[in-house]
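So you can see what is in the structure, the chains are spelled out below.
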Amino acid sequence: MALLALPAMAISSYPVQPPPSAMAISFSHLEASPSLTLLPTSTSAARATWQQPSRPLGTRCAAEKVGFLGRLGRVIKEKAKSDVERLFLGFKKTRDNLALVDELLTYWNLADTENVLDELEEALLVSDFGPKTAMKIVENLRHEILGGKLKSGSEIKAALKKKIVQLLTEGVQYSELNLGFSYPAVIMIIGVNGGGKTTTIGKLAHKLKKDGSKILIAAGDTFRAAASEQLEAWANRTGSEIIMGEKDKARPAAVLSQAVQRGIEENFDVILCDTSGRLHTNYNLMEELRGCKRAVRRVLPSAPNEVLLVLDGTTGLNMLPQARQFNEVVGVTGFVLTKLDGTAKGGCVVSVVDDLRIPVKFVGVGEGLEDLQPFDAEVFVNAIFH
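Read on for a plain summary of the structure. (Residues numbered from 1 in each chain as written. Predicted model: local features only at pLDDT ≥ 70, side-chain atom pairs only at ≥ 80, totals over all residues. Heavy atoms only, no water.)

Quick notes on the overall build of the protein chain
Item 1. When helices and strands are tallied, the protein chain shows 13 helices and 13 strands.
Item 2. Of all 386 residues assigned to the protein chain, the portion counted as buried reaches 52%.
Item 3. Contacts spanning at least 24 positions in sequence make up 76% of the contacts within the protein chain whose residues lie at least 6 apart.
Item 4. Working note: accessible area of the protein chain is about 17,800 Å², and carbon and sulfur atoms make up 54% of it. (Helix = DSSP H or I, 4+ residues; strand = E, 2+ residues; numbered from the N terminus. Buried < 20%, exposed > 50% of the residue type's maximum accessible area, 1.4 Å probe, protein only. Contact = heavy atoms within 4.5 Å. Areas by Shrake-Rupley, 256 points an atom, 1.4 Å probe, with all protein chains shown as cover.)

Some remarks on the nonpolar core
Item 1. Membership of the largest hydrophobic core comes to 76 residues, with the highest contact counts inside it found for L168 and F335.
Item 2. Here the element with the most residues in this core is helix α6 (residues 153-169); it accounts for 7 residues.
Item 3. Setting aside chain neighbours within four positions, we find L168 in contact with V349, V350, V353, F375, A377, F380 and V381.
Item 4. Core analysis: the second largest hydrophobic core is formed by 23 residues, A205, I217, I242 and L308 among them. (Core = buried A, V, L, I, M, F, W, Y, C linked by side-chain atoms within 4.5 Å.)

Some remarks on the pattern of salt bridges
Item 1. Under the defined criterion, the tally for this structure stands at 12 salt bridges.
Item 2. One salt bridge in this structure joins D355 and R324, with 3.1 Å as the shortest N-O distance. Of the two residues, D355 sits in helix α12 (residues 348-356) while R324 sits in helix α11 (residues 319-330), which places them 31 residues apart along the sequence.
Item 3. Of the residues examined, R324 reaches a relative accessible area of 38% and is grouped as partly exposed.
Item 4. A network of salt bridges, in which partner residues are shared, links E114, E139 and R142. (Salt bridge = Lys/Arg side-chain N within 4 Å of Asp/Glu carboxyl O.)

Some thoughts on the state of the cysteines
Item 1. This structure, assessed with the given rule, holds 0 disulfides.
Item 2. Free cysteine: C273, not disulfide-bonded; nearest cysteine sulfur from C292 at 9.0 Å. (Disulfide = S-S within 2.5 Å.)

Looking at the side chain of K209
Item 1. Positionally, K209 belongs in helix α7 (residues 197-210).
Item 2. We note that K209 is buried and unpaired, the nearest opposite charge coming from E241 at a distance of 7.8 Å.
Item 3. Looking at K209, its side chain comes within polar contact range of the main-chain oxygen of G239, at 3.2 Å. (Lys, Arg positive; Asp, Glu negative; His and termini not counted. Polar contact = N/O pair within 3.5 Å; in protein donor to acceptor, adjacent residues only side chain to side chain.)

Examining the packing of helix α3 (residues 99-106) against helix α4 (residues 113-126)
Item 1. Running from N to C, α3 and α4 cross one another at 175°; their axes reach a closest spacing of 9 Å. By the criterion of interaxial angle, the relationship of α3 to α4 is roughly antiparallel. Of the residues in α4, those touching α3 at L100, V101, L104 and L105 are V116, E119, L120 and A123. (Axes fitted to C-alpha atoms, helices over the stretch in contact; angles between N-to-C directions. Parallel < 35°, antiparallel > 145°, perpendicular 65-115°, else oblique.)

A word on the packing of aromatic side chains
Item 1. Tallying each qualifying case throughout the model produces 2 aromatic pairs.
Item 2. Their ring planes at 50° and their centres at 5.5 Å tell us that F375 and F380 sit as a pair that is tilted. Residue F375 shares its accessibility class with F380, and that shared class is buried.
Item 3. By the ring-pair criterion, three or more aromatic residues cluster together here, those being F91, F375 and F380.
Item 4. The side chain of K214 reaches across the aromatic face of F268, ending 4.5 Å from its centre. (Phe/Tyr/Trp six-rings, centres within 6.5 Å; stacked < 30°, edge-to-face > 60°. Lys NZ or Arg CZ within 6 Å of the ring centre and 35° of its normal.)

Regarding α4
Item 1. With 14 residues, α4 extends 20 Å from end C-alpha to end C-alpha; this agrees with the ideal 20 Å at 1.5 Å per step.
Item 2. Every buried residue of α4 is accounted for by T113, V116, L117, L120, A123 and L124. Take α4 and look down its axis: the buried residues cluster within an arc of 120°, on one side only. Facing away from the buried side of α4 by over 90 degrees, the exposed positions are N115 and E122. (Expected span 1.5 Å × (residues − 1). Arc of directions from axis to C-beta.)

Re the pairing of strand β7 (residues 215-218)
Item 1. In β7, alternate side chains face the same way, and those of I215 and I217 on one face and L216 and A218 on the other are all buried.
Item 2. Inspection of the sheet shows β7 paired to strand β9 (residues 270-274) by 4 bridges, in the parallel sense. The residue bridging I215 from the neighbouring strand is V270, located in β9.
Item 3. Where β7 lies against strand β8 (residues 241-245), 3 bridges are found, and the strand directions are parallel. Opposite I217, over in β8, you have I242 as the bridge partner. (Pairing = 2+ DSSP bridges.)

A closer look at α12
An α-helical segment advances 3.6 residues per turn. Residues three or four places apart therefore align on the same side.
Item 1. A large share of α12 lies buried, amounting to 8 of its 9 residues.
Item 2. Regarding α12, the residues found buried are C348, V349, V350, S351, V352, V353, D354 and L356.
Item 3. Just downstream of α12 lies R357, where phi reads positive at about 55°.

Below, the structure is given as structure tokens:
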């Protein structure tokens, strides 16, 4: 790998696709075509759409054209199906935990309402919906049942799912990744030790690269041994570039500020800023994180566009105090919930959003590159209930 020397820094170069002048990227479950929308910097300019070039159709006969488009349609359909199934399989343990809901509602009758609701609340608590959130859901169902709006078990289940979707969406802004309209977009990735920040950065770089973005990864975790080497491996794997501190124990703020400066000079589309894992109860480390955000903002006043907090789904409701403290210190704009395939505590997704009104942007449901999925409230609810 070729390394270009900078003052106190080293940069690894990789081939990348030339970026447009300005753009906004939004993810969907359909990733068969790496397309993106260009928004010209001039407000009077017309919008234009760019797509990765494909083999021209002009030399094919009509039958070939139809066959090509048919195959493309099947690829898109199968890809969408694959993504939904990946999420469905990723929440299997939580879904098994909530299987009791169907049993409770199958033979529901009005006389048993209180007993059924008590058991429903218990099932939600076991899946880490949290006392406040579980009570809110059950009270809403009780009100509608006693008001005569819900008259069967199937209606109660539909109302239960609808209420959970509301808790995940109402009052929550920017549920999609917000990259803004100026270059480069800067995303800070923060969290406690072992939550999955490094893997999240690699998978996010992969998704952005597939949409044609020029990615720079900033190795801001200068404390943990081998953190930079792990990120360098992800940069190689995803075809991204990386900037690392040349000296041992380089200041994280210095690494991030130099990365943003390099991103501006070399017209990168997105800069993914890694940070050291830290306990939310350690005042000095949290102040250092605040300093990292200030350093980025001094170089680029519009940055960071996103501050994504990576939360380990296996910790369940223990993630709530972490989320509150990180949000108070640096202003979290979105959550990435990891390792949800390994836990039956998927209800914590609802609890953390209900408590802080901060959206979940991505969920991790496996170890593969494609297993970091954009969060969709309705898909999530359908995945945790049969």
